[in-house]
Amino acid sequence: MSLPLEGRSAIVTGAGRGLGRAEALELARLGAAVVVNDFGQPGRDGSGAASATPAEEVAAGIRAAGGRAVAHTGDVADHQQARELVELAVAEFGQLDILVNNAGILRDRMVFSMSEDEWDSVIRVHLKGHFNTTHFAAAYWRARSKAADAPVYGRIVNTSSEAFLAGSAGQPNYAAAKGGIVGLTTSTALALAKYGVTANVICPRARTRMTADVFAGFQEPAGDGSEDRLDPLAPEHVAPLVGYLASPAAAQVNGQLLVVHGGMVAVVERPRVAAKFDTKQDAFTYDELDALLTPHYADRPTGETFAAAEVLGLKHE
C-alpha cells in the first residue's frame, strides 16, 4: 500500500528545529521528498550568525531513515533566496507539490516600547517570508496548470498563531504578522483554487525554542515506568495535521483556519456580522450613531473585543 504523499515533494521553511522539524519529518514519513529550509540563526529573535547545521542535520536524518531530502539554508524573507528555494525543489525532485511556511522569529515588547526595527524584522520574516515563498510557488503551479490546460496538485500550509486570534498584548508585531498571514492565505486560496491548489492556515501551540519561556510553567509529563507519554505541547501533536492538509485527502479543505495542539484540532469559523444599523437619513450623523451604537455596547462585558480569547481555553477532552 502506497504512502499518502508518495511521489510528492515538499518545502518546509524553518525546518531545522521545533515545529518545522517535526513537520518535515512527518511529511517524509508520509512519503514526500523534502527540502528542509532553515537560515540557522541561533537566537529566537533572529540574532546570531546563520548556520547550515540545523537544516543539514534534519535532511540527513530523513535520508538515514530511507527518505529523500536536501537542505536549503537561505533566508525566506529575501525575495531572491525564496525564488532559489522553490527552484531547488523543482531541480532536485522534478516538481514541487507542497509548501509549508513555518519560519519565524520573536521580538516581543509592548506597543509603546517597541522599536521600529523590532516591528520591521518580525513583519519581514513572518509575513514577507510567507509571501515570498507563496509567490514563487504560486507562479510555478499556475504555469504548470496553464501548460497542461488542467488543474495540478498544489498544497500550501501557512502558520498563524493564537496570538492573532486572542490579541496578545505583548506581541503587537507578531500578532499583526500572523493576522496578515491569515489574510494572505484566504486570498491565495481563492486565487489558486482554479489551478488545483489549496491554501490553509494553522494556529499551532507547541513547546519550542521560540516558546520556551511562554510554557516554562507547564511541566512536561513524566514516564509511567512502561512508556513515556508525549508532552501535550510537543510539536509532534501539530505535524500530523500538516501532513493531512498536504495530502490528497484534503482536496476539499481550502481557505480554512485550524487551531491545533495537544491532541486537539479546532476548526475556526469565519467572522460573522453581529449587528447592522442603517441611517434614517441620507448619511449618518454623530447624534444618530451615538443613539444606536452606545446602547449596543453598553452591556458588553468589560474588555470584550474582536479578539477571540476563548481559543486559549481549547484543550483535548
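Just above, that's the structure.
So, how was this worked out
- Residues numbered from 1 in each chain as written.
- Predicted model: local features only at pLDDT ≥ 70, side-chain atom pairs only at ≥ 80, totals over all residues.
- Heavy atoms only, no water.
- Core = buried A, V, L, I, M, F, W, Y, C linked by side-chain atoms within 4.5 Å.
- Buried < 20%, exposed > 50% of the residue type's maximum accessible area, 1.4 Å probe, protein only.
- Helix = DSSP H or I, 4+ residues; strand = E, 2+ residues; numbered from the N terminus.
- Contact = heavy atoms within 4.5 Å.
- Pairing = 2+ DSSP bridges.
- Axes fitted to C-alpha atoms, helices over the stretch in contact; angles between N-to-C directions.
- Phe/Tyr/Trp six-rings, centres within 6.5 Å; stacked < 30°, edge-to-face > 60°.
- Lys NZ or Arg CZ within 6 Å of the ring centre and 35° of its normal.
- Polar contact = N/O pair within 3.5 Å; in protein donor to acceptor, adjacent residues only side chain to side chain.
- Parallel < 35°, antiparallel > 145°, perpendicular 65-115°, else oblique.
- Left-handed = near helix turned anticlockwise from the far one by under 90°.
- Salt bridge = Lys/Arg side-chain N within 4 Å of Asp/Glu carboxyl O.

Draft legend 1. Molecular detail of the nonpolar core. Counting 32 residues, the largest nonpolar core has L27 and V36 as its most contacted members. Mapped by element, the contributors of at least two residues to this core are β1 (9–12), α1 (18–29), β2 (33–37), α2 (53–64), β4 (98–100), α7 (239–245) and β7 (257–261). Contacts of L27, omitting those with residues within four sequence positions, involve L5, A10, V12, A32, V34, I98, V100, V242, G243 and A246. Counting residues in hydrophobic clusters, the runner-up holds 25 residues, among them I11, Y195, V197 and A199.

Draft legend 2. A look at the sheet that holds strand β8 (residues 264–268). The strand order across the open sheet formed by eight strands is β3-β2-β1-β4-β5-β6-β7-β8, and the pairing between neighbours is mixed. Two strands lie at the open edges of the sheet, namely β3 (69–72) and β8, each paired on one side alone. When strand polarity is set aside, the average angle formed by the axes of neighbouring strands in this sheet is 20 degrees. Pairing between strand β5 (residues 154–159) and strand β6 (residues 197–204): six bridges, direction parallel. Within the sheet, the bridge partner assigned to T159 lies in β6 and is I202. Contacting β1, β2 and β3, helix α3 (residues 79–93) crosses the sheet at an angle of about 160 degrees to β3.

Draft legend 3. Highlighting the packing of aromatic side chains. The full count for this structure, using the stated rule, is zero aromatic pairs. The ring of Y153 has R8 lying over it, and the distance from NZ or CZ to the ring centre is 3.7 Å. The residue whose ring lies beneath R155 is Y153, and the NZ or CZ to ring-centre distance is 4.2 Å.

Draft legend 4. Broad picture of the environment of A249. Looking at the element boundaries, A249 is found in the loop between α7 and β7. Here A249 falls in the exposed class, since its relative accessible area comes to 58%. A249 sits 245 residues away from P4 along the chain, and the two C-alpha atoms are 8.3 Å apart.

Draft legend 5. Spotlight on the side chain of N173. With respect to the helices and strands, the residue N173 is situated in helix α6 (residues 172–192). In this structure the side chain of N173 is engaged in a polar contact, spanning 3.0 Å, whose partner is the backbone oxygen of E118. Setting aside residues no more than four positions away along its own chain, N173 makes contact with R107, M114, E118, W119, V122 and I123.

Draft legend 6. A look at the packing of α3 against helix α4 (residues 116–148). Packing of α3 against α4 leaves a shortest axis separation of 8 Å and a crossing angle of 45 degrees. Considering the angle they form, α3 stands oblique to α4. α3 and α4 meet at a crossing whose hand is right-handed. Here α3 contributes H79, A82, R83, L85, V86 and V90 to the contact with α4, which in turn contributes F131, N132, T133, H135, F136, A137 and Y140.

Draft legend 7. Summary view of the pattern of salt bridges. Under the definition given, this model contains 10 salt bridges. Among the salt bridges present, the one from R300 reaches E304, with a minimum N-O distance of 3.0 Å. Given the relative accessible area of 45%, E304 is considered partly exposed.

Draft legend 8. The side chain of S9, seen in detail. Within the secondary structure layout, S9 lies in strand β1. Those residues in contact with S9 that lie beyond four places of it in its chain are A33, F93, Q95, L96, D97 and I98.

Draft legend 9. Geometry of the environment of A189. Considering the arrangement of structural elements, one finds A189 in helix α6. Through-space distance from the C-alpha of A189 to that of C203 is 17 Å; in sequence the pair is 14 residues apart. Ignoring anything within four residues of it in the chain, the contact list for A189 reads A199, N254 and G255.

Taken by themselves, the reported measurements are silent on function.
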